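Examination of the molecular architecture
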Amino acid sequence: QLRSALTLIDDDVARLSDALAHLALQHGKTSMPGRTWLQHAVPITFGLKIAGALSAVERHRMRLRELRARVLVIQFGGAAGTLASLGARGVEVCNALATELKLANPDMPWHAHRDRVAEVATALGLLTGTLGKIAKDISLLMQTETAEVTAPDTPGKGGSSSMPQKRNPVDAASVLSAAIRVPALVSVMLSAMVQEHERGLGNWHAEWETLPEICMLCSGALAHVIQVIEGLQVNAQRMRQNLHETGGLIMAEAASAALARKIGRAAAHDLIEAASRRALEQKASLLEVLMDDAEVRQHFSAGELERLLDASGYLGAAEAFVGRVLAARSGEHK
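Residues numbered from 1 in each chain as written. Predicted model: local features only at pLDDT ≥ 70, side-chain atom pairs only at ≥ 80, totals over all residues. Heavy atoms only, no water.

1. Structural notes on the pairing of strand β1 (residues 31-36)
- Alignment of β1 against strand β2 (residues 39-45), held across 5 bridges, turns out to be antiparallel. Along β2, the bridge assignment pairs Arg35 with His40.
- Counting the residues between successive antiparallel strands, the hairpin from β1 to β2 contains 2 residues, one of them, Trp37, with a positive phi of roughly 55°. (Pairing = 2+ DSSP bridges. Helix = DSSP H or I, 4+ residues; strand = E, 2+ residues; numbered from the N terminus.)

Rendered as C-alpha cells:
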C-alpha cells in the first residue's frame, strides 16, 4: 500500500515540478516587490519566487526517490525476530516472501525499529510544509490590495454565498489546512519510534491510522497546488505598479549602498533613512527628496539618481538563480 501511495505522490510531485518550471521560465524577468515581514523589501522577479518553490519541490522528489530503497522492504521475523518457528528454512522462506511481494529483503527483521515508516512520514511532512508555503504566498498575492496573481476560475468554486464579487482562494485554504494538521501527525510517528524490546506496547498501533492520514493529506494538498499553479493567472502589470507603490522607497537599499561608497556605510544609512521618512511625511518620491538633498547632489547627478532608483536595474543575480534551478532540474531528469 505504501509503495502505491509513494508512486501516486511521486507522479503528482513530478507534475507540480513541470508546472513550476514552466512558470519560472515564463516570468524570469517579471519584476515585482520582494517582501520581508509582510512589507516591501527590494525588487525581485516572480520567476525567482517560483524558482524557490521549484528548488524545494525538486529536493522533495530526491528524498522520496532515495527513501524507497530503505522503506519498501519486507518485515518478517516471527514472534521476536528470529524466525525460529521455521527451523533452518527461516531465511529461505523470508526470501521467497520478499520475492512474491516484490519488496526488498533487509538485513534483518525490524519490527521494533520504526525509522523506516517514520522517515516516510517525515518526508511527506516536509513536502506538505512546502505546499503550505506555496499556498500561503499565492493567497497573499491574491489579496485585493495586492492582486498580483489570481487562482484559476473554476465554476462553483471560490465564490461567496453573500458577496458575488469574491473569488476566494479555496484551494489554498485546503492546502493550509493540511499543512497545519500534518506536523502533529508526524510527531505521532516520531513518538511511536520508542518501542519496548522486540515488540512495542501501543506505540506501533498508533501508526495504523496516522501514516495513512499523512499520505492522504499530502496527496490532497498536492492536487490542490497543482490545480492552482497550472491555471495561475499572473498580473505582471500590477506587479510593476506595486513596485512603485511606495514612491521608490523600495530602492532605499540601492541608494544607501551607492552612497556608502562615497561617505561610508553608517552615514549613508542614516541619510537615506531620514530621506525615506521625509518622503513619507511629504508624500513625495524618494527621488524627489534625494534630488533636494544637498549632500546627495554633491555625489550624484539627477540622471545618476534616476538610474540608481530604477527597480529593473536592482535585480542582482535573480535571473541567474532561476537559470540555475531550471538547469539543475533539466540535468536531473535527462
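2. Structural notes on the pattern of salt bridges
- Counted under the stated rule, the structure contains 14 salt bridges.
- Salt-bridge contacts for Asp137 lead to Lys49; the nearest nitrogen and oxygen are separated by 3.9 Å. In this pair, Asp137 is assigned in helix α4 (residues 115-141) and Lys49 in helix α2 (residues 46-71), connecting sequence segments 88 residues apart.
- For the salt bridge of Asp293 with Arg278, the shortest nitrogen-to-oxygen distance reads 3.4 Å. With Asp293 in the loop between α10 (286-291) and α11 (294-299) and Arg278 in helix α9 (residues 265-282), the pair connects residues that are 15 residues apart, well separated along the chain.
- Sharing partners across several salt bridges, the network here consists of Asp18, Glu58, Arg61 and Arg329. (Salt bridge = Lys/Arg side-chain N within 4 Å of Asp/Glu carboxyl O.)

3. Points about the side chain of Thr45
- For Thr45, the position within the fold is in strand β2.
- Residues contacting Thr45, with those up to four places away along its chain left out, are His27, Gly28, Lys29, Thr30, Ser31, Met32, Leu315 and Ala318. (Contact = heavy atoms within 4.5 Å.)

4. What about the nonpolar core?
- With 59 residues, the main nonpolar core has Leu16, Phe46 and Leu64 as its most contacted residues.
- Among the secondary structure elements, those contributing two or more residues to this core are α1 (2-26), α2, α4, α5 (170-191), α6 (207-230) and α13 (318-332).
- Setting aside residues up to four positions removed in sequence, Leu16 forms contacts with Val57, Leu131, Leu222, Val225, Ile226 and Ile229.
- In this structure, Ala279, Leu286, Leu305 and Leu309 belong to the second largest nonpolar core, which totals 23 residues. (Core = buried A, V, L, I, M, F, W, Y, C linked by side-chain atoms within 4.5 Å. Buried < 20%, exposed > 50% of the residue type's maximum accessible area, 1.4 Å probe, protein only.)

Geometric values such as these leave the question of function open.
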